[in-house]
Amino acid sequence: MALLPETPAELEQWCRSSFYRKEKRLQQFYATGSFGQEVPPPVSQTEMEKLWRTSLLFWFASSVFSVLSLALVVGWFGAGAAALLWFLLTKAGGVDMIELKLHGQNGLYRNLLSPPEPKEVRKVK
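Here's a quick rundown of the structure. In every chain, residue numbers begin from 1 and rise along the written sequence. Given that the model is predicted, a residue must reach a pLDDT of at least 70 before its local features are reported, and side-chain atom pairs must reach 80 or more before they are shown or counted; all residues, however, enter totals for whole chains, interfaces and linings. Here the side-chain values reflect all heavy atoms present in the structure, with hydrogen atoms and water set aside.

Observations regarding the overall build of the protein chain
Heads up, the rule is: Numbering goes from the N terminus for both helices and strands, where a helix is a DSSP run of H or I of at least four residues and a strand is a run of E of at least two. With residues, only the protein chains shown are counted as cover, and all accessible areas are computed by Shrake-Rupley using a 1.4 Å probe.
Across its full length, the protein chain holds four helices and zero strands. Reading the secondary structure of the protein chain in the N-to-C direction produces α-α-α-α. Accessible area of the protein chain: about 12400 Å², with a carbon and sulfur share of 67%.

Have a look at this one:
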């Protein structure tokens, strides 16, 4: 560390002077309630208010955009689901007929899960 003295005597003197400066600043704080010169804020109050308004406007606009986008996607999904339901109820014979076609005696799912029955082989004479 290049900032610290190298010899023990210089290091001791540096520690004592640092402690003395700290104690002096603390005495000033206890007497006046302040360490001396106040450090100005890095941004003025008007700049902070402008930044606040801008960020509030940005987050409000992005939230509204997100909600409207989600509503649009959900709306299209709902329209597709309604169209599918209309097709199933009117053109495909209703939900019960579809269930019977899928799970009935000769249903699609039964045929997929069970192996096909062997066909009779006729011998040619």
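Observations regarding the pattern of salt bridges
A side chain with one charge may pair with a side chain of the opposite charge, provided their charged atoms come close. Note the threshold: Here, a salt bridge means any Lys or Arg side-chain nitrogen found within 4 Å of an Asp or Glu carboxyl oxygen. Buried residues are those whose accessible area, probed at 1.4 Å on protein chains only, stays under 20% of the maximum for their type, while exposed residues exceed 50% and partly exposed ones sit between those limits.
Enumeration over the complete set of coordinates arrives at three salt bridges. Across the salt bridge formed by glutamate 12 and arginine 16, the nearest N and O atoms sit 3.1 Å from each other. Of this pair, glutamate 12 and arginine 16 both sit in helix H1 (residues 8-32), four residues apart, which is roughly one turn of the helix. The class for arginine 16 is exposed, based on a relative accessible area of 54%.

What to know about the packing of aromatic side chains
Basically, it comes down to this: Two aromatic rings, drawn from Phe, Tyr or Trp (for Trp, its six-membered ring), form a pair once their centres lie within 6.5 Å of each other, and the interplanar angle then sorts them: stacked below 30 degrees, edge-to-face above 60, tilted otherwise.
Applying the stated rule across the entire model yields two aromatic pairs. Considering the side-chain rings of phenylalanine 58 and tryptophan 59, the 5.0 Å spacing of their centres and the 75° angle between planes classify their relative orientation as edge-to-face.

Quick notes on the side chain of serine 34
The condition is simple: Whether two residues are in contact is decided by their heavy atoms, any of which lying within 4.5 Å being enough.
Looking at where serine 34 falls in the secondary structure, it is placed in the loop between H1 and helix H2 (45-90). A residue is classified by how much of its surface remains accessible, and serine 34, at 18% relative accessible area, is buried. In this structure serine 34 touches Gln28 and Phe29, once residues within four positions along its chain are discounted.

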